[in-house]
Amino acid sequence: LPLLLKATLLHLASGSYHPFYNGFYYNHIMNDDDNRQDKVDYFNGARLVVETSRDPIYSYNGANVTLPCHYRYEPDLGPKRKIRIKWSKLRDDYTKEQDVMVAIGKTYMAFGDFKGRAHIRQGSRHEASLVISDVRLKDDGKYRCEVIDGLEDESDVVDLRLKGIVFPYQPPRGQYRLNFHEAEHVCQDQGAILANFNQLFQAWSEGLDWCNAGWLADGTVQYPIRLPRKPCGGVHLAPGIRSYGPRHRHLHRFDAFCFSSALKGEVFYLDRLAGMTLEEAKQSCQDAGAEIARVGQLYSAWKFLGLDRCNAGWLADGSVRYPIVTPRANCGPAEPGVRSFGFPSKGRFGVFCYRER
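What counts, and where the lines are drawn
Residues numbered from 1 in each chain as written. Predicted model: local features only at pLDDT ≥ 70, side-chain atom pairs only at ≥ 80, totals over all residues. Heavy atoms only, no water. Disulfide = S-S within 2.5 Å. Helix = DSSP H or I, 4+ residues; strand = E, 2+ residues; numbered from the N terminus. Buried < 20%, exposed > 50% of the residue type's maximum accessible area, 1.4 Å probe, protein only. Pairing = 2+ DSSP bridges. Axes fitted to C-alpha atoms, helices over the stretch in contact; angles between N-to-C directions. Contact = heavy atoms within 4.5 Å. Polar contact = N/O pair within 3.5 Å; in protein donor to acceptor, adjacent residues only side chain to side chain. Core = buried A, V, L, I, M, F, W, Y, C linked by side-chain atoms within 4.5 Å. Salt bridge = Lys/Arg side-chain N within 4 Å of Asp/Glu carboxyl O. pLDDT = per-residue confidence, 0-100. Phe/Tyr/Trp six-rings, centres within 6.5 Å; stacked < 30°, edge-to-face > 60°.

**Student:** Mind showing me how you'd approach the state of the cysteines here?
**Tutor:** Here a disulfide denotes one covalent bond, and it connects the sulfur atoms of two cysteines. The full count for this structure, using the stated rule, is five disulfides. At a sulfur-sulfur separation of 1.8 Å, the disulfide partner of Cys211 is Cys232. When the S-S torsion is -120°, as for the bridge of Cys211 with Cys232, the disulfide is left-handed. Taken together, the positions of Cys211 in the loop between helix 3 (197-205) and strand 16 (214-215) and Cys232 in the loop between strand 17 (220-225) and strand 18 (240-246) put the pair 21 residues apart, joining distant regions of the chain. Cys211 sits in the partly exposed class, given a relative accessible area of 24%.

Okay, structure coming up:
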């Protein structure tokens, strides 16, 4: 035993042992530059805390938005340390992340569609907020703010929601003709994207009642019912969102629920005494320095700009519609909404045009 104790003391005195601090040391995990010299990160005894907003952050298409994120140490470590900040966009089910931005000090890199539109705001000590400019429809969703200090790694999630409108869409071919990928495309063609469940639920809470099932962004098929009735799930079911669950994205066919947000420009109406064909309507918009409006743009102008017009007009998809904010005689039903004449193969109407401001 004395010989063993002596050998142990000699080993410690030699300086070849690893220092011991607060019960932890880490070796060969970080900062190994392959030169056979051990780089050691030591636990500093402070707890890293990351916090974002508990409430959703609301914005709209084309705006600038800041997603708040702050971090701190318990206890406080004093002067700011050089840490790594990473922002990611999550799927609704948290199963996959899209890299948005990483930053170390004043050096940062944005990825994908966020290049040139995102940066880290570090206006105060321990701030890691994300600034997104020119917000786009698909920016809606949950974002993770992750702060990495050596081996310490903490994160929190903030929800960005765009103010917008959900509208059901059927193509000219009729009801239930779209698989999931076609539904994505028709919404994009109308200046919109496939709605997510939160957006559909919000629209339902604001009064949307639609008995035809449609695709959502997560590949499920659902529809909102305010007034239960026999063809729409039965009279004995409570009002709510009816769901078919996930469907096969190639084989199954339904309608689509599209989502559009506020506009950067304006929608206006043009007409001639004798009306116009669809091709004449497109040319009239071009002559006015505009383009024929899409369905999503008409819905947005109705909801956000108060567009109210009791005259039917062509839209880019070949449909004929008109928006009513104040219901009145000879202008359709007693509720506000966008009225539709479908897709007439012939006829002469006015036209709704869209022009950027």
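**Student:** Mind showing me how you'd approach the sheet that holds strand 12 (residues 141-149) here?
**Tutor:** Two pairing modes exist for strands in a sheet, parallel and antiparallel, and in both the strands are linked by backbone hydrogen bonds. Within the open sheet, the six strands sit side by side as 4-13-12-7-8-9. Their pairing is mixed. Looking along the sheet, the strands with just one partner apiece sit at the ends: strand 4 (57-59) and strand 9 (107-110). In this sheet, neighbouring strand axes are inclined to one another by 25° on average, regardless of whether the strands run parallel or antiparallel. Where strand 4 meets strand 13 (residues 152-162), three bridges bridge the pair, whose relative direction is parallel. Residue Ser59 lies in a different strand from strand 13, and its bridge partner there is Leu162.

**Student:** What should I look at first to understand the environment of Asp113 in this one?
**Tutor:** Relative to the assigned elements, Asp113 resides in the loop between strand 9 and strand 10 (118-121). The class of Asp113 is partly exposed, set by a relative accessible area of 33%. With 13 residues separating them in the primary sequence, Asp113 and Val100 have C-alpha atoms 8.3 Å apart. Contact partners of Asp113, with chain neighbours within four places excluded, come to Arg136 and Lys138. A distance of 2.6 Å separates polar atoms of two side chains, one belonging to Asp113 and the other to Lys138.

**Student:** Teacher, can you tell me more about the nonpolar core here?
**Tutor:** Burial of nonpolar side chains together is a common tendency in soluble globular proteins. Membership of the largest hydrophobic core comes to 88 residues, with the highest contact counts inside it found for Leu67, Trp87, Leu130, Tyr143, Val267 and Phe352. For Tyr143, the residues in contact, after removing those within four places along its chain, are Leu67, Trp87, Ser88, Lys89, Val100, Phe114, Leu130, Ile132, Asp156, Val157, Val158 and Leu160.

**Student:** Sorry, what's going on with the pattern of salt bridges here?
**Tutor:** Opposite charge on two side chains lets them pair, provided their charged atoms get close. Summed over the entire model, instances satisfying the criterion amount to 19 salt bridges. One salt bridge connects Glu74 with Arg72, and the closest N-O pair in it is separated by 2.9 Å. By relative accessible area, which is 33% here, Glu74 ends up partly exposed. Overall, the relative accessible area of 32% leaves Arg72 in the partly exposed class. One connected set of salt bridges, linked through shared partners, spans Arg47, Glu51, Arg72 and Glu74.

**Student:** Even after reading the chapter, I still don't get the pairing of strand 25 (residues 350-356), so can you show me in this structure?
**Tutor:** Each regular strand carries side chains that alternate between the two faces of the sheet. Among the seven residues that make up strand 25, five are buried, leaving the element largely enclosed by the rest of the structure. Taken together, the two bridges between strand 21 (residues 291-292) and strand 25 define a ladder with antiparallel strand orientation. Looking at strand 25, one finds that Ile292 is bridged to Cys353.

**Student:** Teacher, can you tell me more about the confidence of the model for the protein here?
**Tutor:** Close inspection of predicted coordinates is inappropriate for parts of the model with low pLDDT. Mean pLDDT over the protein stands at 87; residues scoring 70 or higher make up 85%. Considering only residues more than four positions removed or in separate chains, one finds that residues 1-34, a stretch of pLDDT under 50, has 33 contacts. When the criterion is pLDDT under 50, residues 38-42 qualifies, and its contacts beyond four places in sequence or with other chains add up to 20 contacts.

**Student:** Looking at this structure, I do not really get the packing of aromatic side chains. What am I missing?
**Tutor:** How two aromatic rings sit relative to each other is set out by the distance from centre to centre and by the angle between their planes. Taken as a whole and judged by the stated rule, the model has 15 aromatic pairs. Seen in terms of ring centroids, Tyr299 and Trp302 are 6.5 Å apart; in terms of plane orientation they differ by 90°. Their pairing is edge-to-face. With Tyr299 and Trp302 both in helix 5 (residues 295-304), this residue pair falls three residues apart, about one helical turn. By relative accessible area, which is 11% here, Tyr299 ends up buried.

**Student:** Just to check I follow, could you spell out the sheet that holds strand 5 (residues 65-67) for this structure?
**Tutor:** Ordered by their spatial adjacency, three strands build an open sheet running 5-11-10, and the pairing between neighbours is antiparallel. Of all the strands in the sheet, the pair left with one neighbour each is strand 5 and strand 10. Each strand of the sheet is rotated relative to its neighbour by a mean of 30°, with strand direction disregarded. Examined bridge by bridge, strand 5 and strand 11 (residues 129-132) share three bridges and lie antiparallel to one another. Bridge pairing in strand 11 places Leu67 opposite Leu130.

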